[in-house]
Amino acid sequence: MPRRFRAICHSYAKPRPNLLVRQRVSPRCRSRRHRRPLRLLRTLDDLVDETPVALHAEVRRELLAWRRWFLCLQPGAAPREPLGSDLATLIASYRIDRAHFLDFLEGLFTDLEHRPVPDTIALLRYCYCVASTVGLAMAPILGATSRPALRAARDLGIAMQLTNIVRDVGEDLRRGRLYLPLEDLRRFDCSPDHLLNLLHAGRGPDDRFRALMRFEIIRADAYYDRALQGIGLLPVETQIGIRTAAHAYRRILRQVERNDYDTLRLRAATTVDQKIIDLCRAFWTSLALAASDHGEER
């Protein structure tokens, strides 16, 4: 998805999903050293999204080289140094599961090869690979190691990526990409050709497309609900940025609804005022939960 990872990262900061606010809020992520996993993932994502199709063979070679490196984890032998050797040290220090990086690469290969998404299982796998893995790779650095906290990180990544997919239908179609599952398109009698016809006609969505968008939004909301239940299990200094991102990104779905589900011509976005409200809401919610937990301990 165009600028997918940048959107995921900046939403935690602006918010537009992911880690920059967490870096600023959490003392654990203030050093450049601690941000190296994020730096690598963003670098690779930019390679896939911004490299001309004629050069995709070179991008594929680099992704394969990183895949071999993560499988072996040999310091000093990464495709990009000193990033590789520094990252290897961080992975060892925090015991970061290398599978998260390998899964992220799987998602990039899906984008690079423009593979269609056949069904819900493939959709959720794709969302996990390109979004959930980012938070999971950073989780040990942020002090989030419990199973419920990791489930929340996984679910929030999926929710945010589902939001990206809903928001960017028109933009993706113009780039020759489609992330909506073919299974869902058949359910609502919306073939890829039908979507392209709607796009090129410039008249916006029809009833079939609106029904499809409602269905996708319901799925995304379910993952937000699950993720928000687990955010309170994260370290307090980590919660504020993540809550802000979750609420702000979820607002995009509400804006899609206000736009009458027109994601063919319009790109739903939130305002600065709304983002400030979400930040304040996240701040006070996190403090209240922390105070409640402290009271119970006493």
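For clarity, every value in this text was computed on a predicted model and none was experimentally measured.

## Considerations on the overall build of the protein chain
Right, so step 1: Assigned secondary structure in the protein chain consists of 14 helices and zero strands.
Right, so step 2: Summing over all exposed atoms, the protein chain offers an accessible surface of approximately 13500 Å²; the carbon and sulfur share of this is 52%.

## Some details on the nonpolar core
Right, so step 1: One finds Leu 180 and Met 213 to be the most contacted residues of the largest nonpolar core, which totals 48 residues.
Right, so step 2: For this core, the elements supplying multiple residues, two or more each, are α7 (120-142), α8 (147-167), α9 (169-174), α11 (192-201), α12 (207-231) and α13 (236-258).
Right, so step 3: For this core, the element with the most residues is α12, which contributes ten residues.
Right, so step 4: If we skip the residues at most four places from it in the chain, Leu 180 touches Val 117, Ile 165, Val 169, Leu 185, Leu 195, Leu 212, Met 213 and Glu 216.

## Observations concerning unusual backbone geometry
Right, so step 1: Between Glu 81 and the following residue, Pro 82, the backbone shows a cis peptide bond with an omega angle of 10 degrees.
Right, so step 2: Within the secondary structure layout, Pro 82 lies in the loop between α4 (56-72) and α5 (83-94).
Right, so step 3: The phi torsion at His 114 lies on the positive side, around 55 degrees, for a residue other than glycine.
Right, so step 4: By the secondary structure assignment, His 114 is in the loop between α6 (99-112) and α7.
Right, so step 5: Given a relative accessible area of 37%, His 114 falls into the partly exposed group.

## A look at the packing of aromatic side chains
Right, so step 1: Enumeration over the complete set of coordinates arrives at six aromatic pairs.
Right, so step 2: With 5.0 Å between their ring centres and 75 degrees between their planes, Trp 69 and Phe 70 make a pair best called edge-to-face. An identical accessibility class is assigned to Trp 69 and Phe 70; each is buried.
Right, so step 3: An aromatic cluster is built from Trp 66, Trp 69, Phe 70 and Phe 101, whose rings are joined through pairwise contacts.

## Digging into the side chain of Asp 155
Right, so step 1: Secondary-structure assignment places Asp 155 in helix α8.
Right, so step 2: Not counting residues up to four positions away in its chain, the partners in contact with Asp 155 are Tyr 223, Arg 226 and Ala 227.

## Here we look at the packing of α4 against α6
Right, so step 1: As a packed pair, α4 and α6 sit with axes 10 Å apart at the nearest point and diverge in direction by 165 degrees. In terms of orientation, α4 and α6 fall into the roughly antiparallel class. Seen along the crossing, α4 lies across α6 with a hand that is left-handed. Contacts from His 56, Val 59, Arg 60, Leu 63, Leu 64, Trp 66, Arg 67, Phe 70 and Leu 71 in α4 reach Phe 101, Leu 102, Leu 105, Leu 108, Phe 109 and Leu 112 in α6.

## Points about the environment of Thr 51
Right, so step 1: Position of Thr 51 among the secondary structure elements: in the loop between α3 (36-50) and α4.
Right, so step 2: Excluding anything up to four places from it in sequence, Thr 51 contacts Asp 46, His 56 and Val 59.
Right, so step 3: At a separation of 2.5 Å, a polar atom in the side chain of Thr 51 contacts the main-chain carbonyl oxygen of Leu 47.

## Some remarks on empty space enclosed by the protein
The method is simple in principle: a probe with the dimensions of a water molecule rolls over the atoms, and the space it marks as empty is what remains.
Right, so step 1: One number sums up the size of the second largest cavity: a volume of about 30 Å³.
Right, so step 2: What lines the second largest cavity is simply Ile 165, Val 169, Asp 172, Leu 173, Arg 177, Leu 178, Tyr 179 and Leu 180.
Right, so step 3: When residues of the lining of the second largest cavity are assigned to their parent elements, the largest contribution, three residues, is made by α9.

## Some remarks on the state of the cysteines
Right, so step 1: In the structure shown here, the tally under the stated rule is zero disulfides.
Right, so step 2: For Cys 127, which is in no disulfide, the shortest distance to another cysteine sulfur is to Cys 129 and amounts to 9.4 Å.
Right, so step 3: On the accessibility criterion, Cys 127 (0% relative accessible area) is buried.

## Considerations on the pattern of salt bridges
Right, so step 1: Within this structure, the stated rule accounts for 23 salt bridges.
Right, so step 2: Across the pair Asp 207 and Arg 210 runs a salt bridge, and its minimum N-O distance is 3.0 Å. Residue Asp 207 and its partner Arg 210 are both found in helix α12; the two are separated by three residues, about one turn of the helix.
Right, so step 3: The network of salt bridges with shared partners includes Asp 221, Asp 225, Arg 250, Arg 254 and Glu 257.

## With respect to the environment of Arg 67
Right, so step 1: Looking at the element boundaries, Arg 67 is found in helix α4.
Right, so step 2: With a relative accessible area of 42%, Arg 67 lands in the partly exposed category.
Right, so step 3: Considering only alpha carbons, one finds Arg 67 and Phe 101, 34 residues apart in sequence, at a separation of 8.3 Å.
Right, so step 4: Residues contacting Arg 67, with those up to four places away along its chain left out, are Leu 102 and Leu 105.

## Things to note about the packing of α3 against α6
The relative placement of two packed helices comes down to the angle between their axes together with the axis-to-axis distance.
Right, so step 1: Between α3 and α6, the shortest axis-to-axis distance is 10 Å and the interhelical angle comes to 15 degrees. Between α3 and α6, the interaxial angle falls into the category roughly parallel. Considering only the axes of α3 and α6, their crossing is right-handed. Counted together, Pro 37, Leu 40, Leu 41, Leu 44, Asp 45 and Val 48 of α3 and Phe 101, Phe 104, Leu 105, Leu 108, Asp 111 and Leu 112 of α6 form the full contact between these two elements.

Cut-offs applied
- Residues numbered from 1 in each chain as written.
- Predicted model: local features only at pLDDT ≥ 70, side-chain atom pairs only at ≥ 80, totals over all residues.
- Heavy atoms only, no water.
- Helix = DSSP H or I, 4+ residues; strand = E, 2+ residues; numbered from the N terminus.
- Areas by Shrake-Rupley, 256 points an atom, 1.4 Å probe, with all protein chains shown as cover.
- Core = buried A, V, L, I, M, F, W, Y, C linked by side-chain atoms within 4.5 Å.
- Buried < 20%, exposed > 50% of the residue type's maximum accessible area, 1.4 Å probe, protein only.
- Contact = heavy atoms within 4.5 Å.
- Phe/Tyr/Trp six-rings, centres within 6.5 Å; stacked < 30°, edge-to-face > 60°.
- Axes fitted to C-alpha atoms, helices over the stretch in contact; angles between N-to-C directions.
- Parallel < 35°, antiparallel > 145°, perpendicular 65-115°, else oblique.
- Left-handed = near helix turned anticlockwise from the far one by under 90°.
- Polar contact = N/O pair within 3.5 Å; in protein donor to acceptor, adjacent residues only side chain to side chain.
- 1 Å grid on protein atoms, 1.4 Å probe; cavity = no way out; pocket = protein on both sides within 12 Å on 5 of 7 lines; lining within 4 Å.
- Points joined across faces, edges and corners; volume = space filled by probe spheres on them.
- Disulfide = S-S within 2.5 Å.
- Salt bridge = Lys/Arg side-chain N within 4 Å of Asp/Glu carboxyl O.

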